[in-house]
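One letter stands for each residue in the lines below.
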Amino acid sequence: MVRSTENRLLNYRQHLHQYLVDMYAKIEAERLLFIRRNQKKLRVDEYIHLKDAITNYSDRANHGKLVILHATFAGFPRNMHEYAQDAITYVRHG
């Protein structure tokens, strides 16, 4: 009996990785679209000071449509800043 040394899962590994990356990108795009479409429902009116700072102290040529992301949105500067602050706190109290 001849045994095949071919493992189909290993052959399809690149396709699986591409599929996973595509699905992750699709999920992130949907999350961003939801945030953009639901700014009023997500209580962005509480960011009045941020809007004032953008309006008064920045170059208008660099502005697009204002969309405020939550601090919990993974991978964005506000989220990374919170993680950094938490790490500093842990080191000080550790």
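It should be emphasised that the depicted structure is a prediction, and the values quoted were computed from it without experimental measurement.

Moving on, we get to the overall build of the protein. Scanning the protein for helices and strands turns up four helices and zero strands. The order of α-helices and β-strands along the protein, N terminus first, is α-α-α-α. Evaluated residue by residue, the protein yields a buried proportion of 11% over its 94 residues. Taking as baseline every contact in the protein between residues at least 6 positions apart, the subset at least 24 positions apart corresponds to 49%. Carbon and sulfur atoms form 57% of the exposed surface of the protein, whose accessible area is close to 9000 Å².

Our next topic: the side chain of Asn-38. On the secondary structure map, Asn-38 appears in the loop between α2 (13-37) and α3 (48-57). Taking the relative accessible area as the measure of exposure, Asn-38 reaches 12% and is therefore buried.

Another aspect to go through is the confidence of the model for the protein. Any residue range with low pLDDT should be treated as having predicted coordinates unsuitable for detailed reading. Summary statistics for the protein give a mean pLDDT of 77 and a share of 67% for residues scoring 70 or more. The secondary-structure element of the protein with the lowest mean pLDDT is helix α1 (residues 8-11), recorded at 68, while α2 shows the highest, at 90.

What follows concerns the pattern of salt bridges. Under the definition given, this model contains one salt bridge. Salt-bridge contacts for Glu-28 lead to Arg-31; the nearest nitrogen and oxygen are separated by 3.1 Å. Residue Glu-28 and its partner Arg-31 are located together in helix α2, separated by three residues, close to a single helical turn. With relative accessibility at 15%, the residue Glu-28 sits in the buried group.

A separate point is a nonpolar patch on the surface. Among the surface-exposed residues, Leu-16, Tyr-19 and Leu-20 lie close enough to one another that they form a single nonpolar patch of about 310 Å² accessible area. Note on Leu-20: relative accessible area 47%, which makes it partly exposed.

Basis of the calculations
- Residues numbered from 1 in each chain as written.
- Predicted model: local features only at pLDDT ≥ 70, side-chain atom pairs only at ≥ 80, totals over all residues.
- Heavy atoms only, no water.
- Helix = DSSP H or I, 4+ residues; strand = E, 2+ residues; numbered from the N terminus.
- Buried < 20%, exposed > 50% of the residue type's maximum accessible area, 1.4 Å probe, protein only.
- Contact = heavy atoms within 4.5 Å.
- Areas by Shrake-Rupley, 256 points an atom, 1.4 Å probe, with all protein chains shown as cover.
- pLDDT = per-residue confidence, 0-100.
- Salt bridge = Lys/Arg side-chain N within 4 Å of Asp/Glu carboxyl O.
- Patch = residues over 30% accessible without salt bridge, like charges linked within 9 Å, V, L, I, M, F, W, Y side chains within 5 Å.

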